[in-house]
Amino acid sequence: MTGRVMPRIDVWCELQCPDCRTALADLALLRDRFGDELVVELRHFPLEKHKHAHIAAQAAEEARAQGALWPYVEAVLVRVEDLAKAKGAAAERLLVEIARSVGLDADELESALIDGRHIFQVDADEAEGAAIGVKGTPTYEVAGRLLDGSKDQTGLREKIEELLAASPDA
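Residues numbered from 1 in each chain as written. Predicted model: local features only at pLDDT ≥ 70, side-chain atom pairs only at ≥ 80, totals over all residues. Heavy atoms only, no water.

What follows concerns the overall build of the chain. The secondary structure content of the chain amounts to eight helices and four strands. Counting helices and strands in the order they occur from the N terminus, the chain gives β-α-β-α-α-α-α-α-α-β-β-α. Against the compact-globule benchmark of 15 Å for 170 residues, the chain has a radius of gyration of 16 Å, which places it among compact chains. The principal-axis extent of the C-alpha atoms belonging to the chain is close to 45 × 35 × 25 Å. Per-residue burial over the chain gives 48% buried out of 170 residues. In the chain, of all internal contacts separated by at least 6 residues, the share reaching a separation of at least 24 is 70%. On the chain, roughly 8,500 Å² of surface is accessible, and the fraction owed to carbon and sulfur atoms is 52%. (Helix = DSSP H or I, 4+ residues; strand = E, 2+ residues; numbered from the N terminus. Rg over C-alpha atoms; globule rule 2.2 N^0.38 Å. Buried < 20%, exposed > 50% of the residue type's maximum accessible area, 1.4 Å probe, protein only. Contact = heavy atoms within 4.5 Å. Areas by Shrake-Rupley, 256 points an atom, 1.4 Å probe, with all protein chains shown as cover.)

Listed below in structure tokens is the structure:
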């Protein structure tokens, strides 16, 4: 064991954000380039303009607890328009349906949404993001720098690759 620290990206994301769905392709390319050594950590930053973002983040935390965070996140982001159109309890039903489609214990996910067991984690992520300057999603924290992809993602993956390659952790 070398004691080497793995390269890491914190992705400040919101599961009702179409730009976060677009960012999935860049994340896949980064994983291909850096392999299993790259740690990609999902951090929640629900935006007020998206009414189901906070509950979707809670559902993602339950997916993390069940060991299927990224498959669930990707499945939710694929259906971002459906989530945006959902009214009231239909949003929760959609999140539960997506959980079932990726092989999660959908009943447990539904229970987690009812009892709010992941609210504090989502709120903590949101508070930390605001404290370090996250303004929109997706935002990436790489080697101590924030890269805001909420307005334009052009060239962002390349910049992340540069920061990861130059990082003493890489």
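Remark: helix 2 (residues 53–65) packs on helix 7 (residues 119–132), axes separated minimally by 9 Å, with the N-to-C direction vectors making an angle of 115 degrees. One finds that helix 2 runs roughly perpendicular with respect to helix 7. Regarding helix 2 and helix 7, the two cross each other, and that crossing is right-handed. Taking contact as the criterion, the partners of His54, Ala57, Gln58 and Glu61 in helix 2 are, on helix 7, Ile119, Gln121, Val122, Asp123 and Glu126. Within the contact of helix 2 with helix 7, the residues separate by chemical class into three nonpolar, three polar and three charged. (Axes fitted to C-alpha atoms, helices over the stretch in contact; angles between N-to-C directions. Parallel < 35°, antiparallel > 145°, perpendicular 65-115°, else oblique. Left-handed = near helix turned anticlockwise from the far one by under 90°. Nonpolar A, V, L, I, M, F, W, Y, C, P; charged D, E, K, R; others polar.)

This part covers unusual backbone geometry. Of note, the bond from Thr137 into Pro138 is cis; its omega dihedral lies within 30 degrees of zero at -5 degrees. Among the secondary structure elements, Pro138 is positioned in the loop between helix 7 and strand 3 (139–142). Phi angles above zero are rare outside glycine, and Ala143 is one such case at about 50 degrees. Relative to the assigned elements, Ala143 resides in the loop between strand 3 and strand 4 (145–148).

An α-helical turn contains 3.6 residues, so any two residues separated by three or four positions project in the same direction. Among all positions in helix 8 (residues 156–166), only Leu156, Arg157, Ile160, Glu161, Leu163 and Leu164 are buried. Down the axis of helix 8, the buried side of the element spans an arc of 165 degrees, and every buried residue falls inside it. In the core, the buried residues of helix 8 are packed alongside strand 1 (8–13), helix 1 (18–34), strand 3 and strand 4. (Arc of directions from axis to C-beta.)

Let's shift gears to the packing of aromatic side chains. Using the criterion set out here, one finds zero aromatic pairs in the structure. Over the ring of Trp70 we find Arg31, and its NZ or CZ is 4.7 Å from the ring centre. (Phe/Tyr/Trp six-rings, centres within 6.5 Å; stacked < 30°, edge-to-face > 60°. Lys NZ or Arg CZ within 6 Å of the ring centre and 35° of its normal.)

Moving on, we get to the environment of Phe120. When you line up the elements, Phe120 lands in helix 7. C-alpha of Phe120 to C-alpha of Leu83: the two residues are 37 residues apart in sequence and 22 Å apart in space.

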